[in-house]
Amino acid sequence: MSVAAQSERGLAQVRIQRWAPALATLLALVLVAAAVEIVLDGAAGLSPLIPKSPEIAGWLRGIGERLGFRVFLIALLASTAAYGGLVVLVRRSSIARPSTGAISKRWAIALVAALQLIVFAGPILLSTDVFSYIAYARMGVEHGLNPYLHGPVAIVSDPVFPYVGEDWVHVATAYGPLYTLLSYPLAPLGVVGALWGMKLEALLASAGTLALTWRCARARGFDPVAALLIVGANPLYVIYGLGGAHNDLIMMLAMMAAVSLTVAGTPSARREAGAAAWVVAGALIKATVAVLLPFMIVSKRRLAPILGALAAIAVGAIVGYAVFGIHGIDLVAALNRDAAFVSTDSFATELAHLVGKPGVFPIDHDLLKGALVLIIVHLLWRTWRGYDWVAASGWALLAISVTSTWLLAWYILWPLPLAVVTRDRRLLAATLVVQLLFIIHQISPLLAPVR
Amino acid sequence: MSRVWRIETVVLVLVGLLLAVATVNDLGREVGINHRLVADLSTWRHYTGHHYLNISIDQETLGADSQREVLCGNTSAAPPGARTQICLGIWGPVVDGLRTVHGGWYLPPYHPDIPANRYGCFGVAGQGRCPR
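Overview of the structure. If you're wondering where the values come from, they're calculated on a predicted model, not measured in any experiment.

Analysis parameters
Residues numbered from 1 in each chain as written. Chains lettered and ligands numbered in written order. Predicted model: local features only at pLDDT ≥ 70, side-chain atom pairs only at ≥ 80, totals over all residues. Heavy atoms only, no water. Disulfide = S-S within 2.5 Å. Helix = DSSP H or I, 4+ residues; strand = E, 2+ residues; numbered from the N terminus. Contact = heavy atoms within 4.5 Å. Buried area = accessible area lost by both parts, 1.4 Å probe. Salt bridge = Lys/Arg side-chain N within 4 Å of Asp/Glu carboxyl O. Phe/Tyr/Trp six-rings, centres within 6.5 Å; stacked < 30°, edge-to-face > 60°. Buried < 20%, exposed > 50% of the residue type's maximum accessible area, 1.4 Å probe, protein only. 1 Å grid on protein atoms, 1.4 Å probe; cavity = no way out; pocket = protein on both sides within 12 Å on 5 of 7 lines; lining within 4 Å. Points joined across faces, edges and corners; volume = space filled by probe spheres on them. Nonpolar A, V, L, I, M, F, W, Y, C, P; charged D, E, K, R; others polar. Axes fitted to C-alpha atoms, helices over the stretch in contact; angles between N-to-C directions. Parallel < 35°, antiparallel > 145°, perpendicular 65-115°, else oblique. Left-handed = near helix turned anticlockwise from the far one by under 90°. Pairing = 2+ DSSP bridges. Polar contact = N/O pair within 3.5 Å; in protein donor to acceptor, adjacent residues only side chain to side chain.

Section: the state of the cysteines
Residue and element names in this part refer to chain B.
Piece 1. Following the criterion strictly, the structure yields two disulfides over all chains and no others.
Piece 2. Each disulfide pairs two cysteine sulfurs, and for Cys72 the partner residue is Cys87, the sulfurs being separated by 2.1 Å. Disulfide Cys72 to Cys87: torsion about the S-S bond roughly 115°, handedness right-handed. One end of the pair, Cys72, is in strand E2 (residues 69-74); the other, Cys87, is in strand E3 (residues 85-95), with 15 residues separating them in the sequence.

Take a look at the structure:
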């Protein structure tokens, strides 16, 4: 590099350092304002974007107006643009000052905490899933029914039933036995108590995921502030993931606990066994995260992770079988059933429309599964040859969501914490592009003629 | 940079482009459908003179992907489906926010739109759709 180019780059970095705090504050204000708008308008109720719910945010009622598609989408686009700006800013400032970046630790934590608490205080956003979680818990605790054998329709007289999404009333739980057991203590609290319990679980899981992401980023020599902001201020993470109190956040906590054990601290057989056990624990919450296990094992090439995984599987299987019977541990059947679902937001559906088909056909499911297998085999081969297993796991999770015919916003969050703690920048770029395409696909109501 | 890394990057860019094209294409398709359905609702209200909100839209009866819709709504003010329903077959281009009504039929209160329930069929859309 020439001296002139070096000095020009130095000047650019100085400019970034000077403007970064002011620009970051402006972008943060947009993020906070968009979250406040969605929560306050959502609290007004009677919105197609807010599931039918017992009133939990009544104290916010009256401040906002009914949340319509236009306001929601404008807020979502504004927060996406602000988030994009923040990502560029923190990445550039981390390059300028790799150890600390130009944005202070306290500022970043305050912003992420504010976003999480705003959404926590408001109503459930955009999804009825949390009511299914509560229904499954109440089936087991209050009605003595096995949630792996019956859908919520088995408890029509229960107070939670009216809130369960109508597509799911006949569907038995697809979640792992560990998650179902975690949800059981909330069942006796009533619907409102359980709802707050679920929201608190999601908030704590999110805080834990972010803390572990920070730890992993620091251990791997990345700017932890950038990692925290990229995950914790992500609009899909905040509005869809935490807003819907999705159990994906608990799965991601287990995933990051596993990664943290392998990348932070002195490597040891015990830590590797523990990491594998955490992956299994995550899979006993939501099965998808099991995909990390082969990459960890291929990367370490030691007995410890295999033994750790086997021990955790044995404990999980015994407990799952004892409480729920054989259906409680038959995660493959649950995955196969869910893989047959089709959502309008999936890339598979979009590709089908692109080639003139009305939708996804059974042959397309098989083609997508074949593509996914090829991708995973390639990633395993790369990991065997020395590629970072954390990055390979992130790619595998991204490939699962992209090839799935049932794509929801919170599925494309899975690879995000892994993407910020790996050296392969392509993973973060690909994850954010997929998220952006998902958001773009949501905006059709914004382009419809005003009635 | 290794050859594998370069090949992977090229494949990723191509997949990204394909997904982007599919997303934009689907967005355009959805916008077109929304535009048409908004015009259908306006057409039903314009034709019947009732400014009701609860009007059902069916995109299958006259052929999926045919861009021909059937809209049913009450003939007098009441909760959805609680009065005699008038169903209109609507298709054609959107002109001034409206499309053309090509006929239709009636349904008794609280009866779904199946052939056995239809009566008083009229126009091209109604031809051969009433049991008698």
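Points about the interface of chain B and chain A
Piece 1. The interface is formed by 24 residues belonging to chain B together with 24 residues belonging to chain A.
Piece 2. When the two sides are added together, the surface that chain B and chain A hide from each other amounts to roughly 2,200 Å², 69% of it contributed by carbon and sulfur.
Piece 3. Three residues, Leu19, Thr23 and Leu27 of chain B, lead the burial of chain B against chain A; their summed loss comes to 24% of the area buried on that side.
Piece 4. Across the chain B-chain A interface, the total number found is two salt bridges.
Piece 5. Notably, a salt bridge pairs Glu8 of chain B with Arg426 of chain A, separated by 3.0 Å at the nearest N-O pair.

With respect to the packing of aromatic side chains
Piece 1. Taken as a whole and assessed by the stated rule, the structure comprises 16 aromatic pairs over all chains.
Piece 2. When the centroid spacing of 5.9 Å and the interplanar angle of 80° are considered together, the rings of Tyr184 of chain A and Phe324 of chain A count as edge-to-face. With Tyr184 of chain A in the loop between helix H5 (177-183) and helix H6 (190-219) and Phe324 of chain A in helix H12 (residues 303-324), the pair connects residues that are 140 residues apart, well separated along the chain.
Piece 3. Classification of Phe324 of chain A as buried rests on a relative accessible area of 4%.
Piece 4. Geometrically, the ring pair formed by Trp44 of chain B and Tyr52 of chain B is tilted, given 6.3 Å between the ring centres and 45° between the ring planes.

As for the pattern of salt bridges
Piece 1. Per the stated rule, a full pass over the model turns up 14 salt bridges over all chains.
Piece 2. For Asp388 of chain A, the salt bridge identified is with Arg220 of chain A, shortest N-O distance 2.7 Å. Here Asp388 of chain A, found in the loop between helix H15 (362-384) and helix H16 (389-403), pairs with Arg220 of chain A, found in the loop between H6 and helix H7 (224-232); they are 168 residues apart in sequence, far enough to count as distant.
Piece 3. Overlapping salt bridges, with partners in common, bring together Arg382, Asp424 and Arg426 of chain A together with Glu8 of chain B in one network.

Regarding the layout of surface pockets
Piece 1. Estimated volume of the second largest pocket: approximately 1,100 Å³.
Piece 2. As for the second largest pocket, its lining consists of 39 residues, of which Ile375 and Val402 of chain A together with Val11, Leu12 and Val15 of chain B are closest to the centre.
Piece 3. Going through the elements one at a time, helix H14 (347-354), H15, H16 and helix H18 (425-442) of chain A together with helix H1 (3-48) of chain B are the ones with two or more residues in the lining of the second largest pocket.
Piece 4. When residues of the lining of the second largest pocket are assigned to their parent elements, the largest contribution, 10 residues, is made by H1 of chain B.
Piece 5. Classifying every residue of the lining of the second largest pocket gives 29 nonpolar, four polar and six charged.

Thoughts on the packing of helix H11 (residues 292-300) of chain A against H16 of chain A
Residue and element names in this part refer to chain A.
Piece 1. Two elements in contact, H11 and H16, have axes separated by 9 Å at closest approach and are oriented at 155°. One way to sum up the angle between H11 and H16 is to call them roughly antiparallel. Classified by chirality, the crossing of H16 by H11 is right-handed. Contacts from Leu292, Phe295, Met296, Ser299 and Lys300 in H11 reach Trp389, Ala392, Ser393, Ala396 and Leu397 in H16.
Piece 2. Tallied by class, residues from the contact of H11 with H16 come to seven nonpolar, two polar and one charged.

Quick look at the environment of Ser444 of chain A
Piece 1. By secondary structure assignment, the location of Ser444 of chain A is in helix H19 (residues 444-447).
Piece 2. A residue is classified by how much of its surface remains accessible, and Ser444 of chain A, at 6% relative accessible area, is buried.
Piece 3. Between the C-alpha atoms of Ser444 of chain A and Leu73 of chain A, which are 371 residues apart in sequence, the distance is 9.4 Å.
Piece 4. For Ser444 of chain A, the residues in contact, after removing those within four places along its chain, are Leu27, Glu30, Val31 and Asn34 of chain B.

Structural notes on the packing of helix H4 (residues 129-141) of chain A against H6 of chain A
All names here are of chain A.
Piece 1. Running from N to C, H4 and H6 point in directions that differ by 120°, and their axes come no closer than 10 Å. Between H4 and H6, the crossing angle belongs to the class labelled oblique. The two elements H4 and H6 meet at a crossing, and its hand is right-handed. Along the contact surface, H4 presents Val130, Phe131, Tyr133, Ile134 and Arg138, while H6 presents Gly190, Val191, Ala194, Leu195 and Met198.

Description of the pairing of E2 of chain B
For a regular strand, side-chain orientation follows a simple rule: the groups alternate between the two sheet faces.
Residue and element names in this part refer to chain B.
Piece 1. Along E2, six of the six residues are buried, which leaves the element largely enclosed by surrounding structure.
Piece 2. Pairing analysis gives three bridges linking strand E1 (residues 56-58) to E2, with the strands arranged antiparallel. Within E2, the residue paired with Asp58 across the bridge is Val70.
Piece 3. Where E2 lies against E3, six bridges are found, and the strand directions are antiparallel. Paired with Leu71 across the strands is Leu88, a residue of E3.

Description of the environment of Ser183 of chain A
All names here are of chain A.
Piece 1. With respect to the helices and strands, Ser183 occurs in helix H5.
Piece 2. Take Ser183: its relative accessible area is 2%, and that puts it in the buried class.
Piece 3. Sequence separation between Ser183 and Ile306 is 123 residues, and the spatial gap between their C-alpha atoms is 29 Å.
Piece 4. Once residues lying within four places of it in the same chain are set aside, the contact partners of Ser183 are Tyr133, Ala137 and Met198.
Piece 5. A distance of 2.7 Å separates a polar side-chain atom of Ser183 from the backbone oxygen of Thr180.

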